[in-house]
Amino acid sequence: MQDAENVAVPEAAEERAEPGQQQPAAEPPPDEGCCGPRGPALRRRQGQRPLVRRWRSRRPGRSRRARPRESGLGTSAPTAGAQAASEDAGGNEGSAAEAEPRALENGDADEPSFSDPEDFVDDVSEEELLGDVLKDRPQEADGIDSVIVVDNVPQVGPDRLEKLKNVIHKIFSKFGKITNDFYPEEDGKTKGYIFLEYASPAHAVDAVKNADGYKLDKQHTFRVNLFTDFDKYMTISDEWDIPEKQPFKDLGNLRYWLEEAECRDQYSVIFESGDRTSIFWNDVKDPVSIEERARWTETYVRWSPKGTYLATFHQRGIALWGGEKFKQIQRFSHQGVQLIDFSPCERYLVTFSPLMDTQDDPQAIIIWDILTGHKKRGFHCESSAHWPIFKWSHDGKFFARMTLDTLSIYETPSMGLLDKKSLKISGIKDFSWSPGGNIIAFWVPEDKDIPARVTLMQLPTRQEIRVRNLFNVVDCKLHWQKNGDYLCVKVDRTPKGTQGVVTNFEIFRMREKQVPVDVVEMKETIIAFAWEPNGSKFAVLHGEAPRISVSFYHVKNNGKIELIKMFDKQQANTIFWSPQGQFVVLAGLRSMNGALAFVDTSDCTVMNIAEHYMASDVEWDPTGRYVVTSVSWWSHKVDNAYWLWTFQGRLLQKNNKDRFCQLLWRPRPPTLLSQEQIKQIKKDLKKYSKIFEQKDRLSQSKASKELVERRRTMMEDFRKYRKMAQELYMEQKNERLELRGGVDTDELDSNVDDWEEETIEFFVTEEIIPLGNQE
Amino acid sequence: MKPILLQGHERSITQIKYNREGDLLFTVAKDPIVNVWYSVNGERLGTYMGHTGAVWCVDADWDTKHVLTGSADNSCRLWDCETGKQLALLKTNSAVRTCGFDFGGNIIMFSTDKQMGYQCFVSFFDLRDPSQIDNNEPYMKIPCNDSKITSAVWGPLGECIIAGHESGELNQYSAKLFDSTTLEHQKTFRTERPVNSAALSPNYDHVVLGGGQEAMDVTTTSTRIGKFEARFFHLAFEEEFGRVKGHFGPINSVAFHPDGKSYSSGGEDGYVRIHYFDPQYFEFEFEA
């Protein structure tokens, strides 16, 4: 039950103090791949050193002035100084320059003297006072960090030395001005390595980055290193310390919830506008609370894809919770994190924060190892693409991102570029992994005479298994069926000679040889498309409001796509298939007032039509037994509630929660049963259903018994109370009679003798309407 | 059950009340008219004209001789029920919020708002002493210093009054049932909308609540979302068993007919609706 925020503090502080230890895998060039022999520690050094020096040379003595006592500023100075200094270290010189005069100005103002008395002994060390500033304190430099060492240079005699120098100069002056060079010689021949000095350390870093691995000819491939690195590696101890064994942390059975006897599912609920988060067992009668915490998350929560972890969001980073008591399992410090994504295998976590990125240390997107909690790699985020920016292959072996004209595929666990290079695909618009195999689908739009193209590529071989050319394309959307059996490319086209947009559904049958493609054309506006998760049907919502229709298609084995059924006049804008297929909920969310239609697609019957007024979300439980519709406070401010329905559309519960925000079902890992076993169960379903029905009856009668029992006791209490009140009432009868002049008014007709007959006439207007005219 | 719609007010209804026998229904609204209707068919029997401001409250005595109304025109008026003649005009310093006859019909009580620099007072007049009315001098006046009275009723035998205050603990979102002699909290009926009025059935263990989305928010919400429904709860189980739709504004006042066979509701929409229950209502029973 630890508060995530409290726990996160020490780690964050620690990380700031020793950045090198925490992030050993930081690589400066994000898109370069991790080739080359250089160790990770070495690269860090390249990234930092030059900046520090530049800083020092331009602003000597800055850090001293920022110290509080000398500036005579009292408490405000250290913060201003710290801010300025840290900004400066990040390379932002402008703001640092601004901050400095401000500090001085304040110091000059007429203020009471804050100077220390003469006998004052300072008992606070500077390290304690401004450790974070001192960390960036300028260090002495002697200029050797502008020097690089180049190995594998051809060994030549004096006759060819001049020529070699020319060649070297030509290659290396690309990165900056070479101020000095040295070619060590032995027995009249160069030794095969040389030293070059640049005008600035930045040039040296640049040279190392770009010229390392340069192929001069077949025999000579340059190895370029910073001279200072030699120093560093010389000081490394030869003795290897056995790393301390980490004590094994027993987190208990993280999948305990799957062992529940009733096979109930769990879900998380955020309510009170995000202040409280609860986990419930879903139960037909009433949800059973498992855990409720205040301020568990600062924004929202996410379940991992197999349901093992619950991720909560905090200003400082992400915390993962799990196990029976929802203890904290792991935390990832990423300031200002906004979005996360799990790898499908639950091994890696991708986090995004807009705050942390710096030029030489990519931190906008970080990939973490969930088991160890270590950062695997950081990335820049240049373009504002849709989240997730990195898309994972189904097994978590690869992940890919798209940038301008480039598709970069990385592999785990090295986090390096697959085959060390990205794919150049000019004009690539979108890509998507198959959920059933390591196949990537991407499309490029038309470019003058070259048609638009959808390509399926096998990985890691990069073999193109299918290319489909398309004409007059406006837009494409890639929709994979959940098993990866089919891919539907929804193509919006403007065919020549026609007005308006026509939509083609290009259905790729992935499991067949050569991947045959069939097309369904639709002239109406497409509102939504969705595949049946475990099947070969798909549903399309089309038309213009209020004339919206839903069509169900079936992809047959021979490739024929058959329209099974079309329902018109639907009030729907979203399709929600049951995770098990067959059943589907068509929902008219938000502007369509929350109309719901429950459809069984096996025989295409509408099982129920219902409404959850103003519903904003529909969530199927992972087993496909229940559906939850909800009105989230995030989209609508009143009537925030979630309703539980059966898959047939029978309303089971209305759960009103104050300022309810979000309900998420806990996902289940894929079943361990084989196809045969599932078939067998389906065959024996009658046997099981008998058992279940009996169980249901038992629990139902128990429930109604409980209810009746409760009502009985309430009624008993109430009767007692009423008897007491009636006795009191009877006691007062005489008083009442007295007050009303002896007239008994206890019953409506108790003073019937006093009644006066009164005849009241009412006006009745008569109007004759001939019936014939009505039609 | 098709309701009888009473259209006699131009502004929102503030209070409705049956007389003891239930043959008449008195309605007051934020217009100056006081209406009286036959509850059996909704025909208007007459009006009591004289007020010049919104009328907040109405009451009739036990034998329906007199009618008492309190208004925002700073007056409380006593009428002859049958002729509609104004019998007394009691001037006050601020709006009259609530009024009532005692059990015997001899003593009247009304409370005034804390308004325009005047205190909130509860005044008592004895109708048997005409001089009190002539001089506009109540025989008793209770000042109420802290927060104003929004609602007041006589105790069972006129030995006390029970007042609800603006700062009262009464939860706006629920109706609570209190024992009238001991003031003990008995039951709570929960709704998701503010409750403005509640009434007990005289012969069934039922309570009806009227309310809905606050009037000031109504223009921004549709009727479906406002939930302007009369809601029926079981008195002992606190369970809801029925709703009656119809108003397109929040319900300000509900009242059961003394025979329990019908009830009426008056809403912010200016309509009064008399509903006669269907047979199913009387057959319905909770399993217990």
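Model, not experiment: these values are computed from the prediction.

K.L.:
Mind showing me how you'd approach the overall build of chain A here?
P.N.:
Counting secondary structure elements, chain A contains 14 helices and 42 strands. When burial is assessed residue by residue, chain A has 43% of its 775 residues classed as buried. The contacts in chain A between residues at least 6 apart in sequence include a share of 47% that link residues at least 24 apart. About 43900 Å² of surface is accessible on chain A, with carbon and sulfur atoms providing 50% of the total.

K.L.:
Got a minute to help me understand the interface of chain B and chain A in this structure?
P.N.:
Interface size, as often reported, equals the accessible area lost upon joining of the parts. At the junction of the two partners, chain B supplies 33 residues and chain A supplies 33 residues. At the boundary of chain B with chain A, total buried surface from both sides reaches about 3000 Å², with 59% on carbon and sulfur atoms. Taken together, the connections running from chain B to chain A amount to two salt bridges. In this structure, the salt-bridge partner of A:R711 is B:E239, at a minimum N-O distance of 2.8 Å. Contributing elements (two or more residues each) for the side of chain B that touches chain A: β17 (185–190) and α2 (223–226) of chain B. Across the side of chain B that touches chain A, the residue classes break down as twelve nonpolar, seven polar and 14 charged.

K.L.:
Please explain the sheet that holds strand β40 (residues 641–646) of chain A as it appears in this structure.
P.N.:
Within a sheet, adjacent strands bond to each other through the backbone by hydrogen bonds, running parallel or antiparallel. Residue and element names in this part refer to chain A. Spatially, the four strands line up as an open sheet ordered β38-β39-β40-β41, and their pairing is antiparallel. Looking along the sheet, the strands with just one partner apiece sit at the ends: β38 (617–620) and β41 (651–656). Strand-to-strand twist in this sheet, taken as the mean axis angle between neighbours without regard to direction, amounts to 20°. Inspection of the sheet shows β40 paired to β41 by five bridges, in the antiparallel sense. Directly across from W643, in β41, lies its bridge partner K654.

K.L.:
Help me understand the packing of aromatic side chains in this model?
P.N.:
The relative placement of two aromatic rings is captured by the distance of their centres and the angle of their planes. Residue and element names in this part refer to chain A. What the rule picks out here adds up to 55 aromatic pairs over all chains. The side chain of R666 reaches across the aromatic face of W257, ending 3.8 Å from its centre. Note that K687 overlies the ring of Y688, its terminal NZ or CZ placed 5.2 Å from the centroid.

K.L.:
Just checking my understanding: could you explain the nonpolar core for this structure?
P.N.:
A general trend in soluble globular proteins is that nonpolar side chains are found buried together. Residue and element names in this part refer to chain A. Grouped together as the largest cluster of nonpolar side chains are 22 residues, with contacts concentrated most on I148, V150, I168 and F172. At the level of secondary structure, the elements contributing two or more residues to this core comprise β1 (147–151), α9 (158–172), β5 (194–198), α10 (201–211) and β6 (223–226). Per-element accounting of this core gives the leading share, five residues, to α9. With near-sequence residues (within four places) excluded, I148 lies in contact with F172, I194, F195, L196, Y198, A204, A207, V208, V224, N225, L226 and F227. Counting residues in each nonpolar core, the second largest holds 18 residues, with A441, W443, C476 and F508 among its members.

K.L.:
Would you mind showing me how to read the confidence of the model for chain A here?
P.N.:
One rule of thumb: low pLDDT means the predicted coordinates there are not for detailed reading. In this model, chain A carries a mean pLDDT of 79, and residues with pLDDT of at least 70 account for 81%. Confidence drops under pLDDT 50 across residues 1–107 of chain A; counting only partners more than four residues distant or on other chains, this segment forms 156 contacts.

K.L.:
Help me understand a nonpolar patch on the surface in this model?
P.N.:
A cluster of nonpolar side chains, A:L673, A:I681 and A:L685, forms an exposed patch at the surface whose accessible area comes to about 240 Å². With respect to the helices and strands, the residue A:L685 is situated in helix α13 (residues 685–731).

K.L.:
Sorry if this is basic, but what is going on with the confidence of the model for chain B here?
P.N.:
Across chain B, pLDDT averages 81, with 88% of residues at or above 70. At the level of chain-chain contacts, confidence expressed as ipTM amounts to 0.74, with global pTM at 0.63.

K.L.:
It is not clear to me how the pairing of strand β12 (residues 120–126) of chain B should be interpreted in this structure. Could you clarify?
P.N.:
Regular strands have side chains that alternate between both faces of the sheet. All names here are of chain B. Most of β12 sits inside the fold, with six of its seven residues counted as buried. Direction of pairing for strand β11 (residues 107–112) relative to β12: antiparallel, over a ladder of five bridges. Bridged to F110 within β12 is S123. Sheet analysis places β12 next to strand β13 (residues 140–144), joined by five bridges and oriented antiparallel. Bridging from a neighbouring strand, F121 pairs with P143 of β13.

K.L.:
Looking at this structure, how should I read the pattern of salt bridges?
P.N.:
Opposite charge on two side chains permits them to pair, given that their charged atoms come into close proximity. All names here are of chain A. Applying the stated criterion across every chain yields a total of 34 salt bridges over all chains. With its nearest N and O atoms 3.0 Å apart, the salt bridge here joins R625 to D265. Of the two residues, R625 sits in the loop between β38 and β39 (626–631) while D265 sits in the loop between α11 (227–234) and β7 (266–271), which places them 360 residues apart along the sequence. According to the relative accessible area criterion, D265 is buried, its value standing at 1%. Among the charged side chains, a salt-bridge network with shared partners connects D265, D621, R625 and R668.

Reading the values: the criteria
Residues numbered from 1 in each chain as written. Chains lettered and ligands numbered in written order. Predicted model: local features only at pLDDT ≥ 70, side-chain atom pairs only at ≥ 80, totals over all residues. Heavy atoms only, no water. Helix = DSSP H or I, 4+ residues; strand = E, 2+ residues; numbered from the N terminus. Buried < 20%, exposed > 50% of the residue type's maximum accessible area, 1.4 Å probe, protein only. Contact = heavy atoms within 4.5 Å. Areas by Shrake-Rupley, 256 points an atom, 1.4 Å probe, with all protein chains shown as cover. Buried area = accessible area lost by both parts, 1.4 Å probe. Salt bridge = Lys/Arg side-chain N within 4 Å of Asp/Glu carboxyl O. Nonpolar A, V, L, I, M, F, W, Y, C, P; charged D, E, K, R; others polar. Pairing = 2+ DSSP bridges. Axes fitted to C-alpha atoms, helices over the stretch in contact; angles between N-to-C directions. Phe/Tyr/Trp six-rings, centres within 6.5 Å; stacked < 30°, edge-to-face > 60°. Lys NZ or Arg CZ within 6 Å of the ring centre and 35° of its normal. Core = buried A, V, L, I, M, F, W, Y, C linked by side-chain atoms within 4.5 Å. pLDDT = per-residue confidence, 0-100. Patch = residues over 30% accessible without salt bridge, like charges linked within 9 Å, V, L, I, M, F, W, Y side chains within 5 Å.

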